[in-house]
Every structure is written in structure tokens, then in C-alpha cells.
Amino acid sequence: MNNNFDVIVIGSGPGGYVCAIRSAQLGFKTACVELSSTLGGVCLNRGCIPSKSLLNSSELYHKAQKEFNTLGIETTNIKLNLRKMMDNKKKSVQILTKGIEFLFKKNKIVHLKGKGLISSKNTVTVVDDSQKKTNYNTKNIVIATGSEPASLPGVKIDEKTIVSSTGALSFDKVPEKLVVIGGGYIGLELSSVWKRLGSDITVIEFLDHIIPGMDKDISAEFLKILNKQGINFKLNTKVTKINISKNKAIVEFINNKSSQKEKIECDKVLVAVGRKSNISENISKLGIKLNNQNKIQVDEKFRTSIKNIYAIGDVIAKGPMLAHKAEDEGIAVAEIIAGQAGHVNYDVIPAVIYTSPEVATVGKTEEQLKKENVKYKIGKFPFLANSRAKVNNETEGFVKIITDEKTDRVLGVSIISAVAGTMIAELAIAMEFGASAEDIARTCHAHPTHSEAIKEAAMAVDKRPIHF
Ligand code: NAI
């Protein structure tokens, strides 16, 4: 094999593999280095994809147990076969990671197996399983090495009793008691999975609200919904210590306000307090600048402090740690290398929590706009008044649209709904096209659909919803 490339991408997660495909499409001789035996990174192997498989299966199990009867579907003896559920998850992961292998072959991308290290600005050294080192020359390097779970000081994740999302996606039996540290994306999605499968769940969150950064209205309503589902919350609470004894954990914590101390004994502890970027030692040795959170600093063209070395996804100090943000950056960087105008609009990146109901947002929150002194209007519409949600027994949640007071331009949207994750795409498009609430209100929406609630919320901005 010829060891000279135009682009070498390090990491094959959603940022890296998409960047490699776009580079190859643009005519570059491209390679992608991956340390793990399968392509796809955290998202496909132990993140987004396996968690969505378990969220889907556990929701169906829950519905079969608790909701089918009311619909006139009588079932007896519904049993959980956790191993089968996990096998189904593994199968989905396998199919999708193989899919990337296929796409690499189709686009003639060379898959370099091993750990990729940048030895100089034009050399990537790949160290394989047998520690054999091979150098590859390249005109451009894209760092897309992603992130790994963060932990708390003094807490060691052993993936047995104290687990990260990786361990919590593969329990071999349903934990009787599960303590989840962190009320963010991972904490709440995995709490939902194990609650539906029978665990007693307590979420410990340091702040006085869940999902920090999301609209406060949404966060408050979502907390009520999750409480109703039987998930226990300890807000404003700090974990001080975790002791392990005989396969059990004792989690000690203290209330930030009252200083009241408590402890819970449980079978498993999930630590979901955020993720940290994967930055190999030689990156700082090369002089690539990092910020104070150990993330790579890039300019508007995703260039690091070394101009032919680019970085995207969870390793950079830009935007949220989300798979689709990384994908868009992967496409943009390949186009920038090709001399095109690659671009990512950080003001319009949707975010979704795949619980039941789902939570989805795009653009600014009310709190952000207040801070920025922007004058705004709000239109809200509840799913209680949406016919499709009603017939499906999915009446929890609402759509909240925030627009500029003067121009009516949509600035931000938050949705809680059974299908919020799918609905939010309409708003992302609206915002990319600079739409006003009036534009959405005058767009015909099919009946009966959950999306009619978007049209109604847009009409509510002008205080004229029809069904509420
Ligand atoms: P997160 O940042 O979403 O939430 C972490 C939570 O832990 C926050 O609420 C924070 O206040 C809390 N916390 C921090 N320190 C704490 C402490 N000492 N005690 C108690 N609580 C503490 O992080 P998470 O859930 O680990 O997710 C990591 C990343 O993965 C996020 O950036 C998220 O965007 C991404 N992700 C996205 C998903 C999606 O798009 N559906 C699903 C899963 C993860």
C-alpha cells in the first residue's frame, strides 16, 4: 500500500467517519485510523445507538405491561428476557458498524487499524495491537478522537458496581436499586430504561434542576413527568463518598442548602456527570493549543494552532458534545480542505433526550434571551389539546416557541412530546431559513398529527391559537 494520503482522519465516530466519507467524495485520498475493532466510535458502539435500542425495547415492555390493557389488547404473562433484549441491541450495533465498513469500501477509504498518533505535522504513526508502528504521510490531519465518561474526585468507575454509560448499557440483570449521579442526558435516558425494566431509581443532581442549559419551563415540566413515572430525585445534592462492600455500593451525599447528610445502599451506581475529551499526550507536545477544559482550540475553519491539522466533534472547544454536531463539522472540514465554504451554524443545533416523552430543543432558551437583553414573545401549546396526541394517549408536554418581539423571527423552540425528536427538525429548518412564527402559522400542517401543535404554538405567539 502507498503510505501517502491527502487526508488522514483520526477516530471513526460520527465526526470522523462522516469527514472521511465527505473527503473521499471530494476526491481526496483518505484514510481513517481507528483504535477499536469496530468502526463508529462511542455513538454506534456504546452510546446513542445501543441506548436507543434499549429505550425502544424497554418502552414497549412497559407499554405491554401497563398500557395495552386499556387499549383492549389483553396479554397475560408478559416476561422480560434481558439477554434477548441485549442480543437485539448487539445486533443493531453490529449491522450499523458493518454499514460503515461498507461505506468505507464503497468510497475507497483506507481503514488503518490501531492507535493514531501525530508524530509531525505531516505524519501519522499507527500503533497496532502487536505494538508495530507504521508511519503514514499526509497533507492534512483531522483529529476526531471524541470523548470518554468523566468521573467524580475519589470515585473509580469499575464498570461492575460503579459504572459509566458503557456498563449501564450492558447489565446482565436488572439492578434492584440503581443510584444515578447526574440528571443530564445520559442519567435520564438510562434511568428511564432501568426504571421500566423494574429498578428502583434515585437520581442525584448537583443543581436545583435537571438538564442544565435547557429552558427552565421544560426542565420543570420534565421533572414532574419523570417523578410521576416513579423516578426519585435528590436535587441540590452533592455525592461525598461511595463505599463498596460485597457487591453493593453505599452512596453518601449531602444537601447543598440544608447540609443534611444521607446515604443509600444500592446494587449499582451510574456516574453520568459529563464527558471529557480524548486528548493524547503528543497533541500538547506538538504545541496544539488547548483551552482550560483540556479541549482543542480551533478557528472558524476548524484549524488548530498547526494550520494543516484540523479538529472536530467532542475534542474541540466549540458547540455541544453531540453526534450530529460532530457530523456537520466533519462535512464542513472536508469541504474547507477542498477550498469550499464549509460551515456549521452553532445557533441551530437541535438537542434531543430520548425518554418517554422525548424532550427536544433548538436555538435560544428564554433564560439566554433574558441574559442577552433581547425582547421576545412566547407561544405555547399543550398536547392535551392536540387530537393525535389525545387518541394516542400521549397528552403530556407542550410546544414553546420564542420569537423576536419586533420581527417575529423564531429564536428558540422547546418541545416535550412523544415524538419531539422528530418534530424538532421542522423548527431547525424554519430557523435556518429565518422564518417567523407567522410563516409557520400560515404553513399547512397535516391533520391529525403532533406537528399541528407547532402550528398552534406559532399562532399562540400572536395570541390566536384555534384549539386552546
Ligand atoms: P450532561 O452534561 O448532560 O449532564 C451531567 C449532569 O450531571 C448535569 O446535570 C450536572 O449538573 C450533573 N453533575 C455534575 N457534577 C455532579 C456531581 N458532582 N453530583 C451530581 N450531579 C452532578 O452529561 P451526561 O449526561 O453525562 O452526557 C454527556 C454528554 O453526552 C453530554 O454532552 C450529552 O450532550 C451527550 N449525550 C447526548 C445524548 C443525546 O443526544 N440524546 C445522550 C447521551 C449523551
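Residues numbered from 1 in each chain as written. Predicted model: local features only at pLDDT ≥ 70, side-chain atom pairs only at ≥ 80, totals over all residues. Heavy atoms only, no water.

1. Quick word on the state of the cysteines
Put simply, the test is: Defined by distance alone, a disulfide is two cysteine sulfur atoms within 2.5 Å.
Overall, the coordinates contain zero disulfides when judged by the stated rule. The cysteine Cys48 is free of any disulfide, with Cys43 supplying the nearest cysteine sulfur at 3.1 Å.

2. Remarks on the site of the ligand
Under the convention used in this document: Whether a residue is near a molecule or strand depends on its heavy atoms: if one lies within 4 Å, it is near. Identification of polar contacts relies on pairs of N or O atoms within 3.5 Å, with a donor-acceptor requirement for protein atoms, meaning one able to donate a hydrogen and the other able to accept it, and with residues adjacent in sequence counted only if both atoms are side-chain atoms. Strands here are runs of E lasting at least two residues and helices are runs of H or I lasting at least four, both read from the DSSP assignment and numbered beginning at the N terminus. Each residue gets one of three labels, nonpolar for Ala, Val, Leu, Ile, Met, Phe, Trp, Tyr, Cys and Pro, charged for Asp, Glu, Lys and Arg, and polar for the others, Gly among them.
Neighbouring residues of the ligand: 22 residues in total, closest Ile186, Glu189, Glu205, Gly274 and Val352. Here Tyr185 contributes a backbone N or O atom positioned 3.2 Å from an oxygen atom of the ligand. Separating an oxygen atom of the ligand from a side-chain N or O atom of Glu205 is a distance of 2.5 Å. Per-element tally for the shell around the ligand: the top contributor is helix α6 (residues 185–196), with four residues. Per-class residue counts for the shell around the ligand are 14 nonpolar, five polar and three charged.

3. With respect to the pattern of salt bridges
Keep this limit in mind: Salt bridges are counted wherever a side-chain nitrogen of Lys or Arg sits within 4 Å of a carboxyl oxygen of Asp or Glu. Categorising residues by exposure relies on relative accessible area from a 1.4 Å probe, with only protein chains included: less than 20% of the type maximum marks a residue as buried, more than 50% marks it as exposed, and the intermediate range marks it as partly exposed.
Counting across every chain of the model gives 23 salt bridges. Across the pair Glu366 and Lys400 runs a salt bridge, and its minimum N-O distance is 2.6 Å. Here the residue Glu366 occupies a position in helix α10 (residues 366–371), and Lys400 occupies one in strand β21 (residues 398–404), the gap between them amounting to 34 residues. Summarising the burial analysis for this pair, Glu366 and Lys400 share the class buried. A cluster of three or more residues bridged by salt bridges with shared partners is formed by Asp215, Asp217, Glu366, Lys370, Lys380 and Lys400.

4. Re the side chain of Thr304
Spelled out, the test is: Should any heavy atoms of two residues lie within 4.5 Å, those residues are considered in contact.
Locating Thr304 in the fold gives a position in the loop between α8 (281–285) and β17 (309–311). What makes Thr304 buried here is its relative accessible area of 2%. A distance of 3.0 Å separates the side chain of Thr304 from the backbone oxygen of Ile306, its partner in a polar contact. Setting aside residues up to four positions removed in sequence, Thr304 forms contacts with Ile288, Ile296, Gln297, Val298, Ile309, Tyr310 and Ala311.

5. Focus on the domain arrangement of the chain
Our working rule: Domain start and stop points were drawn from an automatic or database domain assignment. Buried area, as used here, totals the accessible surface that two parts lose on assembly, with accessibility defined by a 1.4 Å probe and the loss added over both.
The domains assigned to the chain are domain 1 (4–149 + 276–344), domain 2 (162–273) and domain 3 (348–460). Centre-to-centre, using C-alpha coordinates, domain 1 lies 28 Å away from domain 2. Taken together, the 19 residues of domain 1 in the interface contact 15 residues of domain 2. In this assembly, domain 1 packs against domain 2 so that about 1,300 Å² is buried in total across both faces, 70% of it on carbon and sulfur atoms. Our enumeration of links across domain 1 and domain 2 arrives at one salt bridge. Across the salt bridge formed by Lys52 and Glu189, the nearest N and O atoms sit 2.9 Å from each other. Seen at the junction of domain 1 and domain 2, the total is five residue pairs in polar contact (both at pLDDT 80 or more). Within the residue set of the side of domain 1 that touches domain 2, elements represented by two or more residues are α3 (48–66) and α4 (82–106). Among the elements that take part in the side of domain 1 that touches domain 2, α3 stands out by supplying 10 residues, more than any other.

6. Some remarks on the packing of α3 against α6
Definition in use: Angles shown run from 0 to 180 degrees and are taken between the N-to-C directions of axes, each axis being a line fitted to C-alpha atoms and, for helices, limited to the stretch in contact. Here a crossing is taken to be left-handed if its near helix is turned anticlockwise relative to the far helix by less than a right angle, and right-handed if that turn runs clockwise.
Running from N to C, α3 and α6 point in directions that differ by 40°, and their axes come no closer than 9 Å. Pair α3 / α6 crosses with left-handed handedness. Here α3 contributes Ser51, Lys52, Leu54, Leu55, Ser58, Glu59, Tyr61, His62 and Gln65 to the contact with α6, which in turn contributes Glu189, Ser192, Val193 and Arg196. Partitioning the contact of α3 with α6 into residue classes produces four nonpolar, five polar and four charged.

7. Topic: helix α7 (residues 216–228)
Here is the rule: What a helix is expected to span follows from its residue count: subtract one and scale by 1.5 Å. What the arc describes is the spread of directions from the helix axis to the C-beta atoms.
Here α7 contains 13 residues, and its C-alpha end-to-end distance of 18 Å stays within 8% of the 18 Å for a straight helix at 1.5 Å per residue. Every buried residue of α7 is listed here: Ile218, Ser219, Phe222, Leu223, Ile225 and Leu226. Mapping the buried residues of α7 onto a view down its axis gives an arc of 165°, with all of them on the same face. Residues of α7 that are exposed and angled more than 90 degrees away from the buried face: Lys224 and Lys228. The inward-facing, buried residues of α7 abut α6, β11 (232–234), β18 (351–353), β19 (358–363), β21 and β22 (410–417). The opening residue of α7, the one whose side-chain oxygen lies 3.1 Å from the backbone nitrogen of Asp217, is Asp215.

8. Some points on unusual backbone geometry
Look at the link from Ser356 to Pro357: it is a cis peptide, with omega at 0°. Backbone torsion omega between His447 and Pro448 reads -5°, so that peptide bond is classified as cis. Residue position: Pro448 is located in the loop between α13 (437–441) and α14 (452–461). Despite not being glycine, Glu159 shows a phi value in the positive range, around 60°. One can find Glu159 in the loop between β7 (147–149) and β8 (162–163). A positive phi is found at Asn294, a non-glycine position, where the angle reads about 65°. Following the sequence through the fold, Asn294 ends up in the loop between α8 and β17. The class of Asn294 is partly exposed, set by a relative accessible area of 41%.

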